[in-house]
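Residue-level listing of the chains:
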Amino acid sequence: RGTRIYFEGLLNEAKPELVGRNAEDREWIWNRLWRMTEHMVIRSPAIAAVDVALWDLSGKIAGMPIYHMMGAQRHKAPIYASSAVFDNAQAYADEVLSFKERGVKAYKLHVGGKTPKATIAACTATRQAVGEDYDLMVDCSRLYNFQESLEIGRALDELKFHWFEDPMRAYHMQHMAELTRRLDTPIAISDANEFRFQEAASYLAYGVGDILRSDCWKDGITGVKKLAVMCEGFGKNCEVHTSTTATGNVAALQIVLSIKNCDYYEYLLQGAPVYKFGINEELE
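Remember, predicted model here, so these are calculated numbers, not experimental data.

By the definition in use, this model includes 0 disulfides. The closest cysteine sulfur to the non-disulfide-bonded Cys140 is located on Cys123, 6.9 Å from its own sulfur. Cys140 gets classed as buried once you look at its relative accessible area, which sits at 0%. No disulfide involves Cys216; its sulfur sits 11 Å from the nearest other cysteine sulfur, which is in Cys238.

Shown next, in the form of structure tokens:
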């Protein structure tokens, strides 16, 4: 959709708060801009872009990777491949095998609004293709109701999936809580634009979901790091969502390398040019 809708907030509202401040005042700036969203035009992706840029600038000043500045937990992380949306179950099975042959250790299906029956068939075919000792996840993009989600979730329990992502809209908190209680497969919440650091805190407090998700295009590096630390205190994982842009994905990698409670780095491997925009060398 482009970034034009963020320009007015950045130029008219964020810029006056930024000019003249020390670039190291990231915490003050992040909190200040978030307070302004209640009354101003500025939107969260604009705030996140400012935050990522400030971290990048601080890393250049310090002469070190950002994850070193945050405190390195590790120096490499496994990836999982995120699928395209296919119109038949066999296509997922074929793709996961191609990634497995390349050494990718896990795979996530995007099912794109299929019927519960078709979603279960795709997940079953994928599990049969790779066997039991391979991590699989499915992202349902918040498209099902409670009964449909429960039906799919019970099938995932049998198939031993690593997580069940966004079965319903995140604001159906009571239904999400019931799914969390009934299913063995961990429930991962949420890639929705409206689900940010503040909403995630409430889900942790009330025990809704097993895994919380965020990304640096929504909360910035500062916000995702805050969420990851908070999740660690509750004994839960914070799985960092792809940022769908090349520079955003590099920022996401910095977060993953600085935290313990994240199993995988998500990467889209289909090769779309948008994922490689803005960098001199492609991240592969």
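There's plenty left to go through after this.
It is worth spelling out the pairing of strand 6 (residues 211–214) at this point. Burial along strand 6 is two-sided: the residues Ile211 and Arg213 and Leu212 and Ser214 are all buried. As defined by bridge partners, strand 5 (residues 187–189) adjoins strand 6 across 2 bridges and the pair is classed as parallel. In the strand pairing of strand 6, Ala188 is matched with Ile211. Bridge analysis of strand 6 against strand 7 (residues 237–240) gives 4 bridges, and the strand direction is parallel.

Residue position: Glu27 is located in helix 2 (residues 26–36). Overall, Glu27 belongs to the partly exposed group, its relative accessible area being 40%. Here the alpha-carbon distance between Glu27 and Ser149, two residues 122 residues apart in the chain, equals 38 Å. Filtering out sequence-adjacent residues up to four positions away, Glu27 remains in contact with Thr222 and Lys226. Of the polar contacts made by the side chain of Glu27, one reaches the side chain of Lys226; its length is 2.4 Å.

Basis of the calculations
Residues numbered from 1 in each chain as written. Predicted model: local features only at pLDDT ≥ 70, side-chain atom pairs only at ≥ 80, totals over all residues. Heavy atoms only, no water. Disulfide = S-S within 2.5 Å. Buried < 20%, exposed > 50% of the residue type's maximum accessible area, 1.4 Å probe, protein only. Helix = DSSP H or I, 4+ residues; strand = E, 2+ residues; numbered from the N terminus. Pairing = 2+ DSSP bridges. Contact = heavy atoms within 4.5 Å. Polar contact = N/O pair within 3.5 Å; in protein donor to acceptor, adjacent residues only side chain to side chain.

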